[in-house]
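Observations on the model geometry
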Amino acid sequence: MEQEVIMVDQARDWWKQAVVYQVYPRSFRDADGDGLGDIRGVTTEMDYLECLGIDAIWLSPFYPSELADGGYDVIDYRDVDPRLGTLADFDDMVAAAHARGIKVIVDIVPNHTSNRHRFFQAALAAGPGSPERDRYIFRPGRGEHGELPPNGWKSVFGGSAWERVEDGEWYLHLFAKEQPDLNWKHPDVHEEFKTTLRFWSDRGVDGFRIDVAHALAKDLESRPLDELDQDPRQGEGNVSNPLWDRPEVHDIYREWRRVFNEYEPPRFAVAEAWVTPEHQRFYASPDELGQVFNFEFAKADWFAGDFRRAIEEGLSCAELSGSTSTWVLSNHDVPRHATRYGLPQVKATVHHQFVTDWLLRDGRTYVEDRELGTRRARAALLMEMGLPGSVYIYQGEELGLFEVADIPWDRLEDPQARRTAHGDAIKGRDGCRVPLPWSASDTPEPAAWNDAFGEGMTGSFGFSAPQAGMSRADASAAPHLPQPRWFADHAVDVEADDPASMLSFYRRVLDLRAHLLTATGDTSFSWVPGEELGPTPDQVIAYRRPAAGGKTFTCIVNFGAQAVPAPEGELLMASDDLSFGCIPQDCAAWFLA
Ligand code: GLC
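Residues numbered from 1 in each chain as written. Predicted model: local features only at pLDDT ≥ 70, side-chain atom pairs only at ≥ 80, totals over all residues. Heavy atoms only, no water.

1. What about the packing of aromatic side chains?
Overall, the coordinates contain 43 aromatic pairs when judged by the stated rule. Ring centres 5.3 Å apart and planes at 85° place the aromatic pair F28 and W438 in the edge-to-face group. Of this pair, F28 sits in the loop between β1 (19–23) and α1 (39–44) while W438 sits in the loop between α13 (415–418) and α14 (472–475), and the two are 410 residues apart along the sequence. On the accessibility criterion, F28 (0% relative accessible area) is buried. (Phe/Tyr/Trp six-rings, centres within 6.5 Å; stacked < 30°, edge-to-face > 60°. Helix = DSSP H or I, 4+ residues; strand = E, 2+ residues; numbered from the N terminus. Buried < 20%, exposed > 50% of the residue type's maximum accessible area, 1.4 Å probe, protein only.)

Have a look at this one:
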């Protein structure tokens, strides 16, 4: 694949080649010692983020929320949850980021609000048939007394997608019942979100991540609801699907683009849209959001073919939409990739089920080979960071964290775990949302450890700062999700001083990428011909890019057992030792010629 040369204007289109770091605020850093991460915690660690070498941070929701879905149930889109700080704290954080040249992206959740949002409260109070109720999707039930839900749709989190209210009507919630879906045919809904986009843009926010961007437009009118009795998770990309990826959704984003363009430089947005690769590009077009997440890396198993397809699709989608691609190995919704790559690899379609199954059994069913997972995670980083486009890093992956698969059931927060019975339950996404370890020494005495996860522990691996004047022991509530003992090996203060750590590796890779690749503004890409790659080219991912100083950059990743000969040129860095000048299995290397 030879791409047309697209030069990126770095000042205006900084996001087209950015390295974006995802902060999950409740688990990043707790500045006030209540066990919950907060906005001041992000400000406190701005030096850490700068030193990592990222271009932007994206904050998952920090708005007032009942935490029915980790903050994705928003009560007020234009405020900060009091447990996480204030708007003044937010402004300080933006100022601290901007002072270091770091941009700020916030999460917008437009498909649903919290059931505590003022719109939903008004909808309940005003009753059936009212304009207030029409801001959501209320319908009468079926059965003699309307006691059955309008149809059999299931929520993404399990159970019915309909919930009945006191006066007998039912409302739609594709996610948790505390997350009623908005009716995007109502003008108030449009105004609410345009006001929100301007509110944050005026406060200096540089961009937005749009949650479940493919679900806003729904067609529940063309056919009777009970004829639409299908699993709403199916049929993505199919225009006859009433719920997902409908063509009218793009009218909403064209309207938003006009708001983004009121600012200079224009704000950008990235869509979270789990749609087919052919449809992703519509969301990314320049008259809509600008960029879309390509989740194919996050879905790929450790097979060269899976990644080759993911790269091809990502680049072609970017070219068709006139944008750049995005690369994502992990986020707050998927098990950590150092763990995924350390489990036995089976073909993609069953792998998802397989990982879920493993998580379900507290990570005990299959052996997690952490050494192998780490080795592959390092190789994956070189594969990802050499590509043209933007890279989204999820907090903690730079520490090489693994999934915490054995959080006790009664400590889980994810609605996926709460909404399914233990027998067929999935444990959900908390295993990648455990508060980060900042300091290995902030632990209890070894005797205080208990197999049930640090019961009675007073430390938090430096996640929670003690309140001024308090001793460590009195200082803080326990972190909202329990941290396992092995987090000590991954603490920032341990890794920062170790040149062989994952953190040091990330810092070096990001620095090289910025100077060697991003600085050129040139996003062209070509595959290395198979004949240069030894006897098993299908086991290899190898591509070239133009590099600074008129040089050529080559990235080679070897998935197969046969070593791959190194190309001509200087070895810039490798994820592991080369053997006799060749790239061994599960290793990646960067070259410059
Ligand atoms: C998105 C978020 C996920 C959330 C869901 C519902 O997929 O990434 O965390 O649960 O939307 O808002």
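2. With respect to the nonpolar core
Counting 137 residues, the largest nonpolar core has Y21, I57 and W256 as its most contacted members. By residue number, the principal contributor to this core is helix α16 (residues 502–517), which donates eight residues. Look past the residues within four positions of W256 in its chain and what remains in contact with it is I108, P110, W184, F193, K194, L197, I210 and L289. W153, F157, A215 and W244 belong to the second largest nonpolar core, which has 17 residues in total. (Core = buried A, V, L, I, M, F, W, Y, C linked by side-chain atoms within 4.5 Å. Contact = heavy atoms within 4.5 Å.)

3. Structural notes on the packing of helix α12 (residues 370–385) against α16
Following both chains from N to C, one finds α12 and α16 inclined at 15°, their axes separated by 10 Å at the closest point. One element, α12, and the other, α16, form an angle in the roughly parallel class. Helix-helix and strand crossings are classified by hand; for α12 and α16 the assignment is right-handed. For the pair formed by α12 and α16, the contact residues are T374, A377, R378, L381, L382, E384 and M385 on the first element and M502, F505, Y506, V509, L510, R513 and L517 on the second. Here the residues of the contact of α12 with α16 are counted per class, giving 10 nonpolar, one polar and three charged. (Axes fitted to C-alpha atoms, helices over the stretch in contact; angles between N-to-C directions. Parallel < 35°, antiparallel > 145°, perpendicular 65-115°, else oblique. Left-handed = near helix turned anticlockwise from the far one by under 90°. Nonpolar A, V, L, I, M, F, W, Y, C, P; charged D, E, K, R; others polar.)

4. Quick word on the site of the ligand
The full set close to the ligand counts 14 residues, and D69, H112, D211, E272 and D333 are the nearest of them. Within the contact set of the ligand, an oxygen atom lies 2.8 Å away from a side-chain nitrogen or oxygen of D211. Take R429: an N or O atom from its side chain is 3.0 Å from an oxygen atom of the ligand. Coverage of the ligand by the protein amounts to 96% of the 310 Å² it exposes when considered alone. Residue composition of the shell around the ligand, by class: four nonpolar, three polar and seven charged. (Near = heavy atom within 4 Å. Polar contact = N/O pair within 3.5 Å; in protein donor to acceptor, adjacent residues only side chain to side chain. Areas by Shrake-Rupley, 256 points an atom, 1.4 Å probe, with all protein chains shown as cover.)

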